[in-house]
Structure formats: structure tokens, C-alpha cells
Amino acid sequence: MRVVSCIFLMLISNVILATNLAPTETVMTQDIVRYINEYRKSRGLSALTLNSKISHEAKNHSEDMARHRVSFGHDGFQTRMDHLYSNIQHSRGGAENVAYNYKTAKIVGANWIKSPGHRQNIVGNYDLTGVGIARDVAGKIYYTQLFVRT
């Protein structure tokens, strides 16, 4: 009985420790924006400003993908942009990057930068951004980053 209790306590401790070490969506969002802005600055471009309205649209899309309400990709992109154009003064032009199943923000940012299409969005003529992150029931992480010009 004593051995079983010790093993149970060790397992519970490991679960609690793993849970506490997992980065929050807020931290991951901040890290993605930091990585993307570092890349932009290295190319002589201005940093993007994180915008809560844009992040809300991005989060909704990531949740829709994670819950399989839409397939992975850019379905509904124009609707998301129309919402943003009507809610952010003087906004025009936009782009979107999506990814899934990458474990860290750094890996997501690095892979977007390596991809010509995603990199084009990253270095585009935008000044605002938003990031949304959601997990599916299996724990896979879905990412959306939206870019907007004002």
C-alpha cells in the first residue's frame, strides 16, 4: 500500500509540474509577436502592434479549426477581415498565417519565416497584428496570426 501511495504521489506531482511548466496562450502569443517583430526589425521594418480586436478574430479562427468546425486553413478569411475593417478605424489590407501542431511559439515563428508565403505576410506593409491559439481535444495546438494595415 505504501509503495502504491508513493507512486501515485509521484505521478500527481509530475502532472502538476508539467501543467505548471506549459506556457500559457498569453505567453505564447507574446513570444510569437516578439519573434516576428525581431525578424521584421532585422529587415529594417517597424514592429507590429498587438491588437486585442485582431487577436479576438484570430482566436475564434483557431478555435474553429481546433474544434473542426472549419478545416485547417484560411476558410472565412474575408469575413474575418470584414469584421476587422468595420471595427478598426482606417484599416485596410490584411493577411493571415495559420499553423498547427508545433510545440512552441519559437518553432511556429521559425517555420513561418522559412515559408515564402508566410514570410511575405510577415514582412508586408502592416502595422497591427493579432494572434489566436487553441488546442484540440488531443492537445494539438492551432495558431492564427492576422496582419492589418491602418
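See the structure above.
Residues numbered from 1 in each chain as written. Predicted model: local features only at pLDDT ≥ 70, side-chain atom pairs only at ≥ 80, totals over all residues. Heavy atoms only, no water.

**Q** How should the nonpolar core be read in this particular structure?
**A** Nonpolar side chains tend toward joint burial in soluble globular proteins. Counting residues in hydrophobic clusters, the biggest one holds 20 residues, and the most contacted among them are I32, W112, I122, I133 and Y143. At the level of elements, helix 2 (25-42), strand 2 (92-100), helix 5 (105-114), strand 3 (128-135) and strand 4 (141-149) are the ones that each hand at least two residues to this core. Per-element accounting of this core gives the leading share, 6 residues, to helix 2. In contact with I133, other than residues within four places in its own chain, are E25, M28, T29, I32, K59, S62, I141, Y142 and Y143. (Core = buried A, V, L, I, M, F, W, Y, C linked by side-chain atoms within 4.5 Å. Buried < 20%, exposed > 50% of the residue type's maximum accessible area, 1.4 Å probe, protein only. Helix = DSSP H or I, 4+ residues; strand = E, 2+ residues; numbered from the N terminus. Contact = heavy atoms within 4.5 Å.)

**Q** It is not clear to me how the sheet that holds strand 2 should be interpreted in this structure. Could you clarify?
**A** Taking strand neighbours across the sheet as the criterion, the 4 strands line up as 1-3-4-2 in an open arrangement whose pairing is mixed. Because the sheet does not close on itself, it has two edges, and the strands there are strand 1 (49-50) and strand 2. Taken together, the 8 bridges between strand 2 and strand 4 define a ladder with antiparallel strand orientation. Its bridge partner being in strand 4, N97 is matched across the sheet by Q145. Helix 3 (residues 52-66) rests against strand 1, strand 2, strand 3 and strand 4 of the sheet, and its axis sits at about 30° to strand 3. Packed on one face of the sheet, helix 4 (residues 77-87) meets strand 2 and strand 4 and runs near 130° to strand 2. (Pairing = 2+ DSSP bridges. Axes fitted to C-alpha atoms, helices over the stretch in contact; angles between N-to-C directions.)

**Q** Just checking my understanding: could you explain the pattern of salt bridges for this structure?
**A** Any two side chains of opposite charge can pair, given that their charged atoms come close. Going through the model one piece at a time under the given rule, you end up with 6 salt bridges. Among the salt bridges present, the one from K59 reaches E25, with a minimum N-O distance of 2.5 Å. Taken together, the residues K59 in helix 3 and E25 in helix 2 connect sequence positions 34 residues apart. On the basis of relative accessible area, K59 is assigned to the partly exposed category, the value being 22%. When its relative accessible area of 30% is taken as the criterion, E25 is described as partly exposed. (Salt bridge = Lys/Arg side-chain N within 4 Å of Asp/Glu carboxyl O.)

**Q** Is there a simple way to think about the pairing of strand 4 in this case?
**A** Each regular strand displays side chains that alternate between the two surfaces of the sheet. Among the 9 residues that make up strand 4, 8 are buried, leaving the element largely enclosed by the rest of the structure. As paired elements, strand 3 and strand 4 share 8 bridges and run antiparallel to each other. Across the sheet, T129 pairs through a bridge with F147, a residue of strand 4. In textbook terms, the turn of a hairpin is the stretch between consecutive antiparallel strands, and for strand 3 and strand 4 this stretch comprises 5 residues, one of which, G139, has a positive phi near 95°.

**Q** Which parts of the structure should I look at to understand helix 4?
**A** The α-helix advances 3.6 residues per turn, and as a result positions three or four apart in sequence lie on the same side. Regarding helix 4, the residues found buried are R80, M81 and L84. On an axial view of helix 4, the arc spanned by its buried residues comes to 95°, and they lie on one face. Buried residues belonging to helix 4 abut helix 3, strand 2 and strand 4. (Arc of directions from axis to C-beta.)

**Q** How should I be thinking about the side chain of N37 in this particular structure?
**A** Here N37 lies in helix 2. Residue classification places N37 among the buried positions, given a relative accessible area of 9%.

**Q** Looking at this model, I keep getting lost on the packing of aromatic side chains. Mind explaining?
**A** The way to describe two aromatic rings as a pair is by their centre distance and the angle between their planes. Throughout the structure, instances matching the rule amount to 4 aromatic pairs. Plain terms: the ring middles of Y100 and Y142 are 5.3 Å apart, the flat faces sit at 15° to each other, and that makes the pair stacked. Of this pair, Y100 sits in strand 2 while Y142 sits in strand 4, and the two are 42 residues apart along the sequence. Taking the relative accessible area as the measure of exposure, Y100 reaches 36% and is therefore partly exposed. Seen from the ring of Y35, R34 lies directly overhead, with NZ or CZ sitting 4.8 Å from the centre. (Phe/Tyr/Trp six-rings, centres within 6.5 Å; stacked < 30°, edge-to-face > 60°. Lys NZ or Arg CZ within 6 Å of the ring centre and 35° of its normal.)

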